[in-house]
Amino acid sequence: MENKVSQKIFNPISEKIMRLKNLFPGVVKDGQVDFEALRQELGQFEVAGKEKYELTWPGKTEAKQLINSDIIGKTLKYVPEDSKNPEKTENLYIEGDNLDILMLLRNSYFGKIKMIYIDPPYNTGNDFIYKDDFKAEKKQTEMEEGYRDEFGERLIKNQKSSSHYHSNWLNMMIPRISISKELLTDEGVIFISIDENEYPRLRMICDEVFERENHIADFVWQNKKGGGNDSKHVAIEHEYIVMYAKNKELVDELYELYSEQYLKRYKEEDQESKFYWDTFKRKSGKQYYPIICPDGTILQYDENGNPISWLRSEKRFKSDLEKGDVRIVKIDDRWSVQFKQRLPKGKKPRSIYESDTLLKEAGTTSDGSSDLLSLFGKDVFSNPKPVELIKYLIGFSMTSDDILLDFFSGSATVAHAIMELNANDGGNRKYILAQLPENLDDIYNNTEANKRLIIQNAIDLTEELGKPHLLTEIGKERIRRAGEKIKQDFKDKEGIENLDIGFKVFKVADTNIRWNSEALKEGQITMDESALKNKDLIDFNPGFTDIDIVYEIMLRHRDFPLTSKIEKLSNIGERTYIFADAIVVCLEEKVTDKIVDGIAAIEPKPIKVIFRDSAFEDDISLKLNTMNRLDAQLKKHNQGKEQSYRVEFI
């Protein structure tokens, strides 16, 4: 039976069964779980009763079913005209519903994301909650309280008057954070900003998704300063940032990044680390012994006749002197004993309550507004997170080559923070941002009159740019301007020309591929005779490009990021491509011997070749002969050795 490119992108159930089989091989038989065998593997534990400690709410079951479902009929469409430095960048900006985006990224980024930061709607009563596919039972009053668009899809403005006010928010959140967990590396972490309104419920669903033992900390961030006299009871000046790990046991010790000012004193470096020379003499202590200088001078007493206390024991001193970690030098005709004060691993991140542990040095929301003001000259986004706050979190959670995902990216603060950190320390951190293209005009019309100025500024900006009135246009423009400003600010820094300030733009779109070809053959779908002669009309949907098809196929392959290089193999055919130097996608309408021979000669050898079914026009003999020729040519170029590869058809 020939191999077909799967219409499905990711099968969550199969993935879980595979993991279960790896743990208990005997419980999976013919692809099915033998639950009786599983109970025996677990020591025949008695099945727990129906009552258990958990957070439950209307719609939870259907919301959780989304986690185990695949996304059908959707893809990510590349938008080169909105992208910046697309040939070199490793960053992504994706527009669309973030639930769709997370599902579409499941293969490409499974287990690849080191850090997730999200700033979801706080459910204050006016947040626009993303549309979802789940439906509550008809009897539930939620059905009457929401809105539906012209396609019948539910759009929730989650007002406090709703009897399912918290449920709506929880149903939006749990599938998203559950799927995002799959994208984390085993040692990956997630940060979620929240205020006191949904903080208790967020903690409970995170305990359920990530397990309570993987909770690391709840940071308190002082997001406001001053004011608050209009509050009835207490002026709330803080928010929370909840931190969980995918597997806490695998997370290394966490240390804050050093400031550039602090690092300046560590001017010297040896094979072990950076250091500076510090005095070995202490004002007080218990380590008293004589030290003999190169000219025979003995250092034992100070100018007042008091015994000198040294930093370390005499045995350690002699060992360090021999290693070169201690030196005796003459300064202004006086002998000085010095040791290498090495750069410590760092300071532990602090969390809550005490004044010196509050994250008040990481900026406030007004600082976040200032970040945008410096780029646009006016406020264009309400309550943006400050760059310094995100840099603080990244500093102790990511290494220089890791990927950060933000699927509620808003004003794109994460991209700004990543670029600043990379400029400062020469790192190559990467980001994936996802954002719903919310209509600014709709937001304006649904905002109180006295709070419309910022939204009007954003609309005016999109007009100046000649862009649609969408929130995503603000995010993309912020990245463009921030990148150029950072390059200018660091223009004298060595290697700044290599800073990645680019990003590839993708949008959630309908599939480019007519997966209904079988239905067409069976007469379930009809096309006029002229259309049937056009293979592109048979195989692909209107408006496609070849690159769209290549990206859609790429999404179906594990471990191939969307920033993978795509190369057109013009020497083989006008519509033949290879991505990541591994997968050949041949979209030629006819596969000739020349094309087959060209594919077989590719170095390094591809691991998969994908052809169009229609290129063989239902001629089984032609297809078989082509596959035999490909196999023979591959062996020829591989000096007769077997070459492991796979052929699939669309």
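All of these numbers come straight from a predicted model, not from anything done at the bench.

Colleague: When you look at the sheet that holds strand β25 (residues 583-586) in this model, what are you seeing that I'm missing?
Modeller: Strand pairing in a sheet relies on backbone hydrogen bonds, with the paired strands running either antiparallel or parallel. Here 5 strands make up an open sheet; going across it, the order is β23-β24-β25-β26-β27 and the pairing mixed. Pairing within the sheet leaves two strands with one partner each, and these edge strands are β23 (566-568) and β27 (646-649). On average, each strand axis in the sheet is tilted by 20° relative to the strand beside it, whichever way the strands run. In terms of strand pairing, β23 meets strand β24 (residues 576-579) through 3 bridges, oriented antiparallel.

Colleague: I would appreciate a short explanation of the sheet that holds strand β19 (residues 334-342) in the present structure.
Modeller: The 4 strands are arranged β12-β13-β19-β18 in an open sheet whose pairing can be described as antiparallel. Each edge of the open sheet is held by one strand with a lone partner, namely β12 (268-269) and β18 (326-331). Lying over the sheet, helix α9 (residues 314-323) contacts β18 and β19, oriented at roughly 80° with respect to β18.

Colleague: Could you clarify how one ought to interpret the pattern of salt bridges in this entry?
Modeller: As a working rule, side chains carrying opposite charge can pair if their charged atoms are close by. Under the criterion given, the structure shown has 53 salt bridges. For Asp-613, the salt bridge goes to Lys-623, with nearest N and O atoms at 2.5 Å. One end of the pair, Asp-613, is in the loop between β26 (608-611) and α21 (620-637); the other, Lys-623, is in helix α21, and 10 residues separate them in sequence. Residue classification places Asp-613 among the buried residues on the basis of a relative accessible area of 13%. Overall, Lys-623 belongs to the buried group, its relative accessible area being 14%. Salt bridges linked by common partners bring Asp-270, Glu-272, Lys-323, Asp-325, Lys-340 and Arg-342 together as one network.

Colleague: Help me out: how do you make sense of unusual backbone geometry in this one?
Modeller: What you tend to see is this: most non-glycine residues have negative phi, and most peptide bonds are trans. Going from Glu-603 to Pro-604, the amide bond is cis rather than trans, its omega being -10°. Phi is positive for Asn-383, close to 55°, though the residue is something other than glycine. Relative to the elements of secondary structure, Asn-383 occurs in the loop between α10 (365-376) and α11 (387-395). Relative accessible area serves as the criterion here: at 56%, Asn-383 is assigned to the exposed category. Non-glycine residue Glu-617 carries a positive phi angle of around 50°. Along the polypeptide, Glu-617 turns up in the loop between β26 and α21.

Colleague: What is the right way to read the confidence of the model for the protein from this model?
Modeller: Should the pLDDT be low somewhere, the predicted coordinates at that spot are not to be read in detail. Across the protein, the average pLDDT comes to 87, with 86% of residues at or above 70. Low confidence marks residues 132-152, where pLDDT is under 50. Its contacts with residues over four positions away, or in another chain, come to 43 contacts.

Colleague: Just to check I follow, could you spell out the packing of α11 against helix α12 (residues 413-425) for this structure?
Modeller: The relative placement of two packed helices is expressed as an angle between their axes plus a distance between the axes. In the contact formed by α11 and α12, the axes pass within 9 Å of each other and the chain directions differ by 65°. Remark: the crossing between α11 and α12 carries right-handed chirality. On the side of α11, the interface is formed by Val-387, Glu-388, Ile-390, Lys-391 and Ile-394, while α12 contributes Thr-413, Val-414, His-416, Ala-417, Ile-418, Glu-420 and Leu-421. Looking at the contact of α11 with α12, its residues break down into 7 nonpolar, 2 polar and 3 charged.

Colleague: Looking at this model, I keep getting lost on helix α19 (residues 546-554). Mind explaining?
Modeller: Given 3.6 residues per turn, any residue in an α-helix points the same way as the ones three and four places further on. The element α19 is extensively covered by neighbouring structure, given that 8 of its 9 residues are classed as buried. For α19, every residue scored as buried is listed here: Asp-546, Asp-548, Ile-549, Val-550, Tyr-551, Glu-552, Ile-553 and Met-554. Of the surrounding secondary structure, the elements contacted by the buried residues of α19 are β3 (74-78), β22 (504-510), β23, β24, β25 and β26.

How each quantity is defined
Starting from 1, residues in each chain are numbered consecutively following that chain's sequence as written. Given that this is a predicted model, residues contribute local features only at a pLDDT of at least 70 and side-chain atom pairs are listed and counted only at 80 or more, while totals for whole chains, interfaces and linings are drawn from all residues. The side-chain numbers reported here are obtained from all heavy atoms of the structure, hydrogens and water having been left aside. Being paired, for any two strands, means DSSP has found at least two bridges between them. Helix numbers and strand numbers start at the N terminus; a helix is a DSSP run of H or I with at least 4 residues, a strand a run of E with at least 2. Here the axes come from fitting lines to C-alpha atoms, over the contacting stretch only for helices, and the angles between their N-to-C directions go from 0 to 180 degrees. Between two residues, a contact is recorded if the distance between any of their heavy atoms is within 4.5 Å. In what follows, salt bridge is the name for a side-chain nitrogen of Lys or Arg lying within 4 Å of a carboxyl oxygen of Asp or Glu. Each residue gets one of three labels from its accessible area relative to the maximum for its type: buried under 20%, exposed over 50%, partly exposed in between, using a 1.4 Å probe on protein chains only. Think of pLDDT as the predictor's per-residue confidence, scored from 0 to 100. By definition, turning the near helix anticlockwise from the far helix through less than a right angle yields a left-handed crossing, and turning it clockwise yields a right-handed one. Gly falls in the polar group here, along with every residue not listed as nonpolar (Ala, Val, Leu, Ile, Met, Phe, Trp, Tyr, Cys, Pro) or charged (Asp, Glu, Lys, Arg).

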